[in-house]
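Below are the chains, spelled out letter by letter.
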Protein chains: 2
Amino acid sequence: MSLFSKNTALSHLLKRHCETLCQEEHLSPEIITHALEKGSMVLLGNPAHRDVLPLLVGQPAKVKVNANIGTSPLRNDKEGELRKLAAALEAGADTIMDLSIAGDLRNIRQSMLDACRRPIGTVPLYAVAQRYIDAGKDPAEFSPEELFDEIESQAEQGVDFMTVHCGITERGAAWASEQNGRVMGIVSRGGSILARWMRANKKENPLLTEYERILKCARRHNVTLSLGDGLRPGAGADAGDAAQWDEVIMLGRLARTGLESGVQCMVEGPGHVRMNEVEAQIRGIKTACHNAPLYVLGPLVVDACPGYDHIAGAIGGALAVRAGVDFLCYLTPAEHLTLPDLDDVRAGVIASRIAAHAGEVAMGKASALDRENTMSAARKALDWKAMQCAAIDPKTLCAKRAEHAGEEVCAMCGEFCAVKMLR
Amino acid sequence: MSLFSKNTALSHLLKRHCETLCQEEHLSPEIITHALEKGSMVLLGNPAHRDVLPLLVGQPAKVKVNANIGTSPLRNDKEGELRKLAAALEAGADTIMDLSIAGDLRNIRQSMLDACRRPIGTVPLYAVAQRYIDAGKDPAEFSPEELFDEIESQAEQGVDFMTVHCGITERGAAWASEQNGRVMGIVSRGGSILARWMRANKKENPLLTEYERILKCARRHNVTLSLGDGLRPGAGADAGDAAQWDEVIMLGRLARTGLESGVQCMVEGPGHVRMNEVEAQIRGIKTACHNAPLYVLGPLVVDACPGYDHIAGAIGGALAVRAGVDFLCYLTPAEHLTLPDLDDVRAGVIASRIAAHAGEVAMGKASALDRENTMSAARKALDWKAMQCAAIDPKTLCAKRAEHAGEEVCAMCGEFCAVKMLR
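Residues numbered from 1 in each chain as written. Chains lettered and ligands numbered in written order. Predicted model: local features only at pLDDT ≥ 70, side-chain atom pairs only at ≥ 80, totals over all residues. Heavy atoms only, no water.

For the rest of this paragraph, the subject is the overall build of chain A. Along its length, chain A carries 19 helices and 10 strands. Relative to the globule expectation of 22 Å for 423 residues, the C-alpha radius of gyration of chain A, 22 Å, shows essentially globular dimensions. Seen through its C-alpha atoms, chain A measures out along the principal axes to roughly 75 × 45 × 40 Å. In chain A, which comprises 423 residues, the share counted as buried stands at 65%. Counting only contacts in chain A whose residues sit at least 6 apart along the sequence, the fraction spanning at least 24 positions is 73%. Of the roughly 14400 Å² of accessible surface on chain A, a fraction of 50% belongs to carbon and sulfur atoms. Both charge centroids of chain A, one from 47 positive and one from 54 negative side chains, sit 3 Å from each other. (Helix = DSSP H or I, 4+ residues; strand = E, 2+ residues; numbered from the N terminus. Rg over C-alpha atoms; globule rule 2.2 N^0.38 Å. Buried < 20%, exposed > 50% of the residue type's maximum accessible area, 1.4 Å probe, protein only. Contact = heavy atoms within 4.5 Å. Areas by Shrake-Rupley, 256 points an atom, 1.4 Å probe, with all protein chains shown as cover. Lys, Arg positive; Asp, Glu negative; His and termini not counted. Charge placed at Lys NZ, Arg CZ, Asp CG, Glu CD.)

Each copy of the sequence occupies a distinct position, and chain A is placed on chain B by a rotation of 180 degrees and an axial shift of 0.0 Å, giving an RMSD of 0.0 Å. When the rotation and shift are considered jointly, the pair of chain copies conforms to a two-fold rotation axis. Minimal C-alpha separation from the rotation axis in chain A is found for isoleucine 315 of chain A, amounting to 2.3 Å. Interface residue correspondence from chain A to chain B reaches 99%, placing this contact among same-surface, isologous pairings. (Least-squares fit on C-alpha atoms with pLDDT ≥ 70 in both.)

Time to look at the interface of chain A and chain B. Of the residues lining the interface, 95 residues belong to chain A; the matching set on chain B comes to 94 residues. Between chain A and chain B lies a buried interface of about 8200 Å² when both sides are counted; carbon and sulfur atoms form 68% of it. One can count six salt bridges joining chain A with chain B. A salt bridge links aspartate 344 of chain B to lysine 400 of chain A, with the shortest nitrogen-to-oxygen separation between them at 2.5 Å. Take the side of chain A that touches chain B: its biggest share by element is 10 residues, from helix α15 (residues 342-363) of chain A. Of the residues that constitute the side of chain A that touches chain B, the class distribution is 55 nonpolar, 18 polar and 22 charged. (Buried area = accessible area lost by both parts, 1.4 Å probe. Salt bridge = Lys/Arg side-chain N within 4 Å of Asp/Glu carboxyl O. Nonpolar A, V, L, I, M, F, W, Y, C, P; charged D, E, K, R; others polar.)

Residues and elements named next belong to chain A. Inspection of every chain in the model, using the stated rule, returns zero disulfides over all chains. Cysteine 18 forms no disulfide, and the closest cysteine sulfur to it belongs to cysteine 22, at a distance of 3.9 Å. Given a relative accessible area of 16%, cysteine 18 falls into the buried group. (Disulfide = S-S within 2.5 Å.)

This next bit is on unusual backbone geometry. In this structure, proline 299 of chain A follows glycine 298 of chain A across a cis peptide bond, with omega equal to -10 degrees. By the secondary structure assignment, proline 299 of chain A is in the loop between β9 (294-297) and α14 (309-323). Here the bond from proline 270 of chain B into glycine 271 of chain B is cis, since omega is 10 degrees, no more than 30 degrees from zero. Tracing the backbone shows glycine 271 of chain B in the loop between β8 (265-269) and α13 (275-288). In this model, aspartate 51 of chain A sits at a positive phi of 60 degrees, which is unusual for a non-glycine residue. Its location among the elements puts aspartate 51 of chain A in the loop between β1 (41-44) and β2 (55-58). Residue asparagine 291 of chain A is not a glycine yet carries a positive backbone phi of 60 degrees.

This brings us to the sheet that holds strand β10 (residues 327-329) of chain B. All names here are of chain B. If you trace the eight strands once around the closed barrel, you get β3-β4-β5-β6-β7-β8-β9-β10, paired in parallel fashion. Adjacent strand axes in the sheet meet at a mean angle of 25 degrees when their direction is disregarded. One ladder, built from two bridges, connects strand β5 (residues 120-122) with strand β6 (residues 161-164); its direction is parallel. Considered in β6, the bridge of threonine 122 is made with methionine 162. Each of β3 (64-69), β4 (95-98) and β5 touches helix α4 (residues 78-91); the most contacted strand, β3, lies at about 165 degrees to it. (Pairing = 2+ DSSP bridges. Axes fitted to C-alpha atoms, helices over the stretch in contact; angles between N-to-C directions.)

Moving on, we come to the pattern of salt bridges. Residue and element names in this part refer to chain B. Considering all chains together, one arrives at 46 salt bridges over all chains under this definition. A salt bridge links aspartate 241 to arginine 182; its shortest N-O distance comes to 2.7 Å. Residue aspartate 241 is found in the loop between β7 (224-227) and α12 (242-260), and its partner arginine 182 is found in the loop between α8 (170-175) and α9 (189-201); the two are separated by 59 residues along the sequence. In this structure arginine 182 comes out as buried when scored by relative accessible area, which is 4%.

Before going further, it helps to spend a moment on the pairing of β3 of chain B. The two faces of the sheet receive side chains in turn, since in a regular strand these alternate between them. Residues and elements named next belong to chain B. Burial runs high along β3: six of the six residues are buried. Side chains of β3 alternate between two faces, with Lys64, Asn66 and Asn68 and Val65, Ala67 and Ile69 buried alike. Sheet topology places β3 next to β10; three bridges connect them, and they run parallel. Note on β10: the bridge partner recorded for asparagine 66 is cysteine 329. Pairing between β3 and β4: four bridges, direction parallel. Looking across to β4, one finds that asparagine 66 is bridged to threonine 95.

Turning our attention to the packing of aromatic side chains. The final tally for this structure, using the stated rule, is 10 aromatic pairs over all chains. Summarising the aromatic geometry, the rings of phenylalanine 161 of chain A and tyrosine 295 of chain A are spaced 6.4 Å apart at their centres and angled 75 degrees between planes, so their arrangement reads as edge-to-face. With phenylalanine 161 of chain A in strand β6 (residues 161-164) and tyrosine 295 of chain A in strand β9, the pair connects residues that are 134 residues apart, well separated along the chain. For the pair formed by phenylalanine 161 of chain A and tyrosine 295 of chain A, the shared burial category is buried. Members of the aromatic cluster, joined through ring pairs, are Phe161, Tyr295 and Phe327 of chain A. Looking at arginine 401 of chain B, its charged tip hangs above the ring of tryptophan 384 of chain B, at a distance of 3.5 Å from the centre. (Phe/Tyr/Trp six-rings, centres within 6.5 Å; stacked < 30°, edge-to-face > 60°. Lys NZ or Arg CZ within 6 Å of the ring centre and 35° of its normal.)

Residues and elements named next belong to chain A. Looking at where alanine 255 falls in the secondary structure, it is placed in helix α12 (residues 242-260). Here the alpha-carbon distance between alanine 255 and glycine 307, two residues 52 residues apart in the chain, equals 35 Å. Not counting the four nearest positions on each side in its chain, alanine 255 is found in contact with Tyr211, Leu227, Cys265, Val267 and Ala292.

Within the element layout of this structure, serine 352 of chain B appears in helix α15 (residues 342-363). The contacts of serine 352 of chain B, once residues within four sequence positions are left out, are Val65, Leu328, Cys329, Tyr330 and Leu331 of chain B.

All names here are of chain B. Secondary-structure assignment places alanine 61 in the loop between β2 (55-58) and β3. You can call alanine 61 buried: its relative accessible area is 2%. Taking the C-alpha atoms as reference points, alanine 61 and glycine 406, separated by 345 residues in sequence, lie 39 Å from one another.

With that settled, the discussion passes to the packing of α12 of chain A against helix α13 (residues 275-288) of chain A. Axis separation between α12 of chain A and α13 of chain A bottoms out at 8 Å; the angle between their running directions is 40 degrees. Residues Gln244, Trp245, Val248 and Gly252 of chain A of α12 of chain A lie in contact with α13 of chain A, whose contacting residues are Gln281, Gly284, Ile285 and Ala288 of chain A.

Quick look at the structure:
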């Protein structure tokens, strides 16, 4: 029995949007169907998300970019987050994750689903943990039932993809501790809550032991599972250790089980990885995870530039895309420091889009090369209008040029313009 | 006869500053001497530049960053450029190039030399061409004598390193034309002026035919020659073509001739190079140029992100450093659009420093790894003061944190902090 006969929600979604998807991705229906069936691609879209525009993520689709937004205890402003959502979409984000951890989460989530036709992702565990933290209680006291109820409730609400940290085990969490040689230990919020829960309850991760329950819910609503990397390295020095690979292997098994059950799965990846390790990491994870779409946070190739993690992440992201990554989660200049503001959101989305584009150019993707060639031809012709059309961010180009918008040459070279010199 | 006996200015400079240089670079006097003699390293510093702090560039010294500033016909403001100089130094630039092309160039240059103890570089051809352009004449009318006089005059004034486009030939310039398949033709300002001169005068490049005169002057003042890449690619599609390599080979020969004559030489490199070509380009140029220090502009791995060339350049720069590049010329967000303002200068220097650091981390350089480990330890301890000390740009870290400077956790996660969760 094929994926489509098991997952009828997906089957209907694809039928309804196939033509548009084929046009957007320059792919034939056969290629899309085949890639979805073998699991190298997923189609994000929960039919309960009103007017959702489904999105293909994975090979051979174009690389996509996600923007994380959401309230936090120190900055709890729903309207502000909705403005960030609009800014992220305007800058070209393909998806939005609502990582809110303060305020009325259900209400915030609904506002984001209403305001965004692009797929929305969440981390359901956050909502459960928040109730405990808000009540001054230990989040490790949550019951697995609460978590499964939350997943069910968010799926019904229309969330298109969910991060579930199913791969973290008691063994993996122990291996990721400083006692076992890690510099940073566990840095994933979801991973740290589950590690604390396992330690307190002396039980295995319920998201793993009761994975079947998640699959059942996900299949019904075509929620794509984003198998979270709770043990991802939080420092370049920690990348590639036993804890990380132990979880990766488990995520690969879970991705296969999911697909066999009619559930679409992505796998989440690092994190902090030095340049010399990026390609090995990406290819290793892809192989161990049967080429499931790989969704990475960065990777950050250096730790020492807080305030500029969008740049460190763009370096790693470009290398990762070239090595086969499918989906980039943005990093903003605020990462490791504070919640992003509107400018940070915009900077983060653009930096990730540049990384995606650089990787795709290096891979020789036709759509990426077309953009490059259009820009070069426009430059040669000193055609500023055409440059604007080809630019990843036309707005910034115009703003920089504003003072001399009427000039043929730019204010850097003036009549020293090399292009004009040889006409 | 060794380099030092031919170039007594260099010999004195090294003697006087050897101890400081050894401390800065964590290198022994023997290693420095040997690297200078074989030409894999240069010591920038013209004794006529009052109070200059000489700087080592090349393997195995740390990677250095240069900031280009200077007036242009559309933005001619000496004081503004001096503010940029200060901003660049404050952000951590190791050298400054004065690329002014408007105003009283000698006076501007002197102000910069006075204001900057770090080495200053120039492109003497600009001053010659400017006189013609300002007079409404064709810059191709300049006489070689004027150019050699300008070089002499700037050397006497104290300029520490000069870009001289000695490698561009009539053949190379023809090969670099659109008629021979280039998308962008020649994009170097110096290269385009010399190509125009050769075409108009039907003669070979005087900087090549009379290279001996440049060497004589450079040796006397220990001016380091930065052998310019007038035919560098101006689009990813043009990288690695016959015109580029023809010039690279010539630059390699000139670097060797220079060193044999007692003149320190660096080689300039691209430019626009796609990610998949960066390593091959860098290793190829290094080999063809006998491991002379390689000074690159970017490389820009994509053409389609004007307004963000500091990011496209950081991706390429990081890859280039990992492949052996020694010296990064910054690119600012203003590149291809206008003259940089103060914020652009700062953004450009920091982006290049991140690229240099990322490459050095990947190479396993001890000083770079130390910084990384210090940052990780500070993060683990939630020690914001220590993070600030380890950060490439402490100022931006503080600005982002300002609102919550007193808190132990950051405003992104609040009490959801993964580090605190498992304490």
